[in-house]
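Next come the chains, spelled out residue by residue.
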Protein chains: 2
Amino acid sequence: MTMIKPRTLSGFMELLPAKQAQMERMMQILRDTYARYGFAPLDTPIIEDAQILLAKGGGETEKQIYRFAKGDSDLAMRFDLTVPLAKYVALHYNDLAFPFRRYQIGKVYRGERAQRGRFREFYQADIDIIGDGKLDILNEAEIPSIIYEIFKSFGLSRFQIRVNNRKILNGFYAMLNLSEKSGEIMRTVDKLDKIGTEKVKTILMEDCGLQEPEADEILKFIAITGSNAQVLTALETYRGRNEIFDLGLDELKAVTENLGAFGVPEANFAVDLTIARGLDYYTGTVYETTLLDHPEIGSVCSGGRYDNLAGYYTDRPLPGVGISIGLTRLFYVLDEQGLLNPEMNSAPADALVIPMTEDRGAAIALAQQLRGQGVRVQVYGEQKKFKQKMSYADKLGVPYAILLGEDEIAQGKCSVKDLRSGVQVTVEPSQAAELILKDQQAAASAAVILEK
Amino acid sequence: MTMIKPRTLSGFMELLPAKQAQMERMMQILRDTYARYGFAPLDTPIIEDAQILLAKGGGETEKQIYRFAKGDSDLAMRFDLTVPLAKYVALHYNDLAFPFRRYQIGKVYRGERAQRGRFREFYQADIDIIGDGKLDILNEAEIPSIIYEIFKSFGLSRFQIRVNNRKILNGFYAMLNLSEKSGEIMRTVDKLDKIGTEKVKTILMEDCGLQEPEADEILKFIAITGSNAQVLTALETYRGRNEIFDLGLDELKAVTENLGAFGVPEANFAVDLTIARGLDYYTGTVYETTLLDHPEIGSVCSGGRYDNLAGYYTDRPLPGVGISIGLTRLFYVLDEQGLLNPEMNSAPADALVIPMTEDRGAAIALAQQLRGQGVRVQVYGEQKKFKQKMSYADKLGVPYAILLGEDEIAQGKCSVKDLRSGVQVTVEPSQAAELILKDQQAAASAAVILEK
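Residues numbered from 1 in each chain as written. Chains lettered and ligands numbered in written order. Predicted model: local features only at pLDDT ≥ 70, side-chain atom pairs only at ≥ 80, totals over all residues. Heavy atoms only, no water.

Engineer: Break down the pattern of salt bridges for me, with residues and values.
Structural biologist: If you walk through the whole model with that rule in mind, you get 56 salt bridges over all chains. A:Arg7 is the partner of B:Asp49 in a salt bridge, and the nearest nitrogen-oxygen pair spans 2.9 Å. In this pair, B:Asp49 sits in strand β2 (residues 47–49) while A:Arg7 sits in the segment before α1 (17–36), so the two residues belong to two different chains. Exposure remark for A:Arg7: the relative accessible area of 40% places this residue in the partly exposed category. Its salt-bridge partner being A:Glu48, residue A:Lys87 comes within 3.0 Å of it at the nearest N-O pair. Pair noted here: A:Lys87 is in helix α4 (residues 82–91) and A:Glu48 is in strand β2 (residues 47–49), with a separation of 39 residues, a long-range link. (Salt bridge = Lys/Arg side-chain N within 4 Å of Asp/Glu carboxyl O. Helix = DSSP H or I, 4+ residues; strand = E, 2+ residues; numbered from the N terminus. Buried < 20%, exposed > 50% of the residue type's maximum accessible area, 1.4 Å probe, protein only.)

Engineer: Quick one: what's the story with the relation of the copies chain B and chain A, residue by residue and with numbers?
Structural biologist: Placing chain B over chain A gives an RMSD of 0.1 Å and needs a rotation angle of 180°, together with 0.0 Å of translation along the axis. Within this description, the copies of the chain are treated as partners about a two-fold rotation axis. In terms of C-alpha distance to the rotation axis, chain B has B:Phe68 as its closest residue, with the C-alpha 3.1 Å off the axis. A high fraction, 100%, of the interface residues of chain B reappear at the interface in chain A, so the copies pair face to face through one surface. (Least-squares fit on C-alpha atoms with pLDDT ≥ 70 in both. Contact = heavy atoms within 4.5 Å.)

Engineer: With reference to specific residues and values, describe helix α11 (residues 228–236) of chain A.
Structural biologist: Note that an α-helix has 3.6 residues per turn; residues three or four places apart therefore point the same way. Residues and elements named next belong to chain A. Every buried residue of α11 is listed here: Asn228, Val231, Leu232 and Leu235. For α11, the arc enclosing every buried residue in end-on projection is 95°, short of the 170-degree limit, so these residues lie on one face. Exposed positions of α11 whose direction lies more than 90 degrees from the buried face are Ala229 and Thr233. In this structure, the buried residues of α11 make contact with α6 (166–175), α10 (212–222), α12 (243–257) and β8 (269–271). (Arc of directions from axis to C-beta.)

Engineer: Summarise the interface of chain B and chain A; cite the residues concerned and give the values.
Structural biologist: Tallying the contact residues gives 101 residues for chain B and 101 residues for chain A. In total, about 8,500 Å² of surface goes out of reach between chain B and chain A, with carbon and sulfur atoms giving 60% of it. The interface formed by chain B and chain A holds 10 salt bridges in total. B:Arg360 serves as the salt-bridge partner of A:Asp136, at 2.9 Å between the closest nitrogen and oxygen. Counting across the chain B and chain A interface gives 50 residue pairs in polar contact (both at pLDDT 80 or more). No other element matches helix α1 (residues 17–36) of chain B, which puts seven residues into the side of chain B that touches chain A. (Buried area = accessible area lost by both parts, 1.4 Å probe. Polar contact = N/O pair within 3.5 Å; in protein donor to acceptor, adjacent residues only side chain to side chain.)

Engineer: Residue-level account of the nonpolar core, with values.
Structural biologist: One finds B:Tyr34, B:Phe151, B:Phe154, B:Ile218, B:Phe221 and B:Leu235 to be the most contacted residues of the largest nonpolar core, which totals 109 residues. With nine residues, the single largest contributor to this core is helix α5 (residues 137–154) of chain B. Among the nonpolar cores identified, the runner-up in size contains 108 residues, and A:Ile29, A:Ile129, A:Phe159 and B:Ala433 belong to it. (Core = buried A, V, L, I, M, F, W, Y, C linked by side-chain atoms within 4.5 Å.)

Engineer: Before we move on, can you summarise the confidence of the model for chain A with the specific residues and values?
Structural biologist: Confidence along chain A averages 94 in pLDDT terms, with 99% of residues attaining 70 or more. As scored by the predictor, the complex reaches a pTM of 0.96 and an ipTM of 0.95. (pLDDT = per-residue confidence, 0-100.)

Engineer: So what's going on with the packing of aromatic side chains? Which residues, and what values?
Structural biologist: All names here are of chain A. This structure, assessed with the given rule, holds 36 aromatic pairs over all chains. A centroid spacing of 6.1 Å and a plane angle of 15° characterise the contact between Tyr88 and Phe100, whose relative ring orientation is stacked. Linking Tyr88 in helix α4 with Phe100 in strand β5 (residues 100–109), this pair joins segments that are 12 residues apart in sequence. Judged by relative accessible area, which is 5%, Phe100 ranks as buried. (Phe/Tyr/Trp six-rings, centres within 6.5 Å; stacked < 30°, edge-to-face > 60°.)

Engineer: Give a description of the packing of α6(A) against α10(A) that names residues and reports values.
Structural biologist: Residue and element names in this part refer to chain A. In contact at an axis separation of 11 Å, α6 and α10 are set at 155° when each is read in the N-to-C sense. On the basis of the axis angle, α6 is roughly antiparallel to α10. In the crossing of α6 with α10, the sense of the turn from one axis to the other is right-handed. Packed against α6, whose contacting residues are Ile168, Leu169, Phe172 and Tyr173, the element α10 presents Glu217, Ile218 and Phe221 at the interface. Partitioning the contact of α6 with α10 into residue classes produces six nonpolar, no polar and one charged. (Axes fitted to C-alpha atoms, helices over the stretch in contact; angles between N-to-C directions. Parallel < 35°, antiparallel > 145°, perpendicular 65-115°, else oblique. Left-handed = near helix turned anticlockwise from the far one by under 90°. Nonpolar A, V, L, I, M, F, W, Y, C, P; charged D, E, K, R; others polar.)

Engineer: How would you sum up helix α15 (residues 386–396) of chain A? Please name residues and give values.
Structural biologist: Along α15(A), the residues that are buried comprise A:Lys389, A:Met390, A:Tyr392 and A:Ala393. Buried residues of α15(A) fall within an arc of 150° about the axis and therefore sit on the same side. Away from its buried face by more than 90 degrees, α15(A) exposes A:Lys387, A:Asp394 and A:Lys395. Next to the buried residues of α15(A) lie β12 (351–355), β13 (377–379), β14 (400–404) and β15 (414–418) of chain A together with β5 (100–109) of chain B.

Engineer: How would you explain the pairing of strand β16 (residues 424–427) of chain B if you had to name every residue and give the values?
Structural biologist: All names here are of chain B. Pairing analysis gives four bridges linking strand β15 (residues 414–418) to β16, with the strands arranged antiparallel. Looking at β16, one finds that Ser415 is bridged to Thr426. Counted between consecutive antiparallel strands, the loop separating β15 from β16 contains five residues, among which Gly422 sits at a positive phi close to 85°. (Pairing = 2+ DSSP bridges.)

Engineer: Summarise a nonpolar patch on the surface; cite the residues concerned and give the values.
Structural biologist: Residues and elements named next belong to chain A. Where nonpolar side chains cluster on the molecular surface, the patch consists of Val423, Val425 and Leu435 and spans about 210 Å² of accessible area. Of note, Val423 is situated in the loop between β15 and β16 (424–427). Exposure remark for Val423: the relative accessible area of 49% places this residue in the partly exposed category. (Patch = residues over 30% accessible without salt bridge, like charges linked within 9 Å, V, L, I, M, F, W, Y side chains within 5 Å. Areas by Shrake-Rupley, 256 points an atom, 1.4 Å probe, with all protein chains shown as cover.)

Engineer: Break down the sheet that holds strand β3 (residues 67–70) of chain B for me, with residues and values.
Structural biologist: All names here are of chain B. The three strands are arranged β2-β4-β3 in an open sheet whose pairing can be described as antiparallel. Looking at strand neighbours, the two that pair on one side only are β2 and β3, the edges of this open sheet. With direction set aside, neighbouring strand axes in the sheet form an average angle of 40°. Sheet analysis places β3 next to strand β4 (residues 73–77), joined by four bridges and oriented antiparallel. By the bridge assignment, Phe68 is partnered in β4 with Leu75.

Engineer: Which residues make up the side chain of A:Lys201, and what values do they have?
Structural biologist: Residue and element names in this part refer to chain A. For Lys201, the location among the structural elements is in helix α9 (residues 197–206). Given the relative accessible area of 14%, Lys201 is considered buried. Those residues within four positions of Lys201 in sequence are excluded, and the remaining contacts are Glu212, Ala215, Asp216 and Leu219.

Engineer: Got a sec to walk through the side chain of A:Gln368? Specific residues and values, please.
Structural biologist: Residue position: A:Gln368 is located in helix α14 (residues 361–372). Side chain to side chain, A:Gln368 and A:Arg371 meet in a polar contact 2.7 Å long. Among the polar contacts made by the side chain of A:Gln368, one reaches the side chain of B:Tyr37 at a distance of 3.1 Å.

Engineer: Explain the sheet that holds β15(A) residue by residue, including any values.
Structural biologist: All names here are of chain A. Overall, mixed pairing links the five strands, which are arranged β13-β12-β14-β15-β16 in an open sheet. Two strands close off the open sheet at either side, each with one partner strand: β13 and β16. Strand-to-strand twist of the sheet, defined as the mean angle between neighbouring strand axes without regard to direction, takes the value 25°. For β14 and β15, the ladder comprises four bridges, and the chain directions are antiparallel. Looking at the pairing, Ala401 lines up with Lys417 of β15. With respect to the sheet, α14 is in contact with β12, β13, β14 and β15, its orientation differing from that of β13 by roughly 170°.

Engineer: Which residues make up the environment of B:Lys253, and what values do they have?
Structural biologist: Residues and elements named next belong to chain B. Counting through the fold element by element, Lys253 comes out in helix α12 (residues 243–257). The exposure class assigned to Lys253 is partly exposed, which follows from its relative accessible area of 33%. Put simply, Lys253 and Val271 are 18 residues apart on the chain and 10.0 Å apart in space, counted from C-alpha to C-alpha.

Shown next as structure tokens:
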């Protein structure tokens, strides 16, 4: 047999079991949270007709996409979950009820230049709400609440959902008669955090060709900060000068005024006029989410409102609002920064049953009883020394070993050893299950991310 | 904007939301069951180095594989979950604890000729237990119990796990000095159900070149049927003539003798000497699972024991046992046959909150409270007529509408309408949650597959 050295391609995440358990926990939190907000799970093919995926075209996408022929077919792998959603909604329009709320957690592919922390295969975890012609602002208002629930469930408290409205920006630039340059200006303003006010002003004047008063107006506008109420009050002073601006301000107020009802604390939410989002197609509320102690990670959950999801596939107007979490990158960065909770139970089982008699029927029956009560159980069946059996449990991080010898079998009991404390008790199987489940429940609510 | 007609490639499953909900339920049952038996979830890349995936080579695989170049890389998409597991175990050997128990539910790709019911992208749901050098028979004995739990949880009772042991077959053919022809003979015997005894005998004699007494011996052997005890007793009469046979018989007895402890009813299990499994690499127990009322579907869960998982990547002997469920095909066939339970709650929400006042703060707060108690809730925010709102709930199949008008708000209550019975009650929010959750729990335990 010719041997080939095993390897995994660079840019493709492949986790060891304990880390995978942490990733699974994050996915489970996402699924549960999305479901509680009434989103339907969706699954679409990873491979689509290349024509469909590349309908929009665009340089980076065409360069990065995995595209290949098979027989006569021109195939490509999806590079996001939005284009497949657009296709799905256009294709199945008659079978869907609108607003159509779906979540999708799936792998996407981008053949980027390989570098540390960049992935060619990565999970996105998206939700979108698609309206048929219209979509009420309430949907935009709900999004921060979903983001809040997710990151809280991950174990975080020090994060901030930053919100803006593209109509406010577009209306503001229209007031200054700078609509045509607004894209260029926003891209410059977006660099504020990195390069500072002075440099932004210079670029605005030298590269964008703005007059100094115009540049000052813009800097004054994006310098509006404070509590949500303070920012909204400051924005009110611009009202009446542009219809689009006024509409955007109404939308922003609708989004902020229900935060309390949605249970989002003010500390986790900020109106931030510097948020624009690069993508051209956002037309209303835009969202970013940052970890307050780790601004260097950038936004971990972003999205916004758009007016036209599927213009390449249908002439029906399909407005929507959505957010996306780059799960693989988020997981990678959290791990790199040491923010994943090492105390989380990442073992594949809650208990390892170790039969101490030759006949293993009793051990098997015990395991089945525990499983029936919801305990995750392995039976250790290998012919090894006792010490090796315990070391197996240790290596897996299994919290409990359950020993079953002749004495226990005769008494209808089992010996449960907590491998962390070393404490051992001999109890009836149903008591063992209760003991372990109590522990398991505590573990299940343990944070997957540790705040430092 | 140039418009492109939206389409999904043939051979790629894309489900509408209600069907997707049923598929998700099946996946959740698989994840839960695998986890209760102590299997660790694993996720490996869909794209691997083509050299790695094609290490074994072989005609069909090379023809069907999706293989393409990106830059200098020769890439391919996985066609099963076993080869990536072999690579994973060989690559991460030092970081794993053995026996290594993993489950993986993931998409695999085969560029087969498109035809009805054949998929080019499909889910496999696999478990494997990999030993380091050795692996105790207990692991083989545990597999039927896992299969039983899964199909029982799907809602089935009329299914049968059919088990054989390759050593018994190999030993038997060695007794007859027919080892060299055993592959050919087994492939012929495998057709017994389809073509009948006489035709099998003819092929054995004419094509395999067997003497009539040899053919008769084989037909007599595979005609051994009855209860497990009867089959084992009949097999005992062959003991002592071949070591491999005797070892296989011991293994088969070990697998069957613990069925009771594992909670597998005799009715759902049969020793079946005609089961061989096509793949050459099985060396011990082999498994198939059939739906008793739908033999035409074939085996819905198959696998077996093998001695050498990763011989192409490492010279360590890594024996294992595993089973695989072809989930996409299973789902497709169940749906085609009308066996998916239409009564299963496949709505994306348990309740639709309909605000009846202009200020929607109270409706939002109510929705949040219900979500906090675990209810899946949508708030209907669109400006439509009441009738259209109710028709939205109907179309989604949401079981409850919750109406919140001024009266309810003033009383701190809400009106919960069961959309199936039409019965409406006005209760406090926590009572509403209890009412809905009770229903939800009943629905959650409803069968996803309906036996007919």
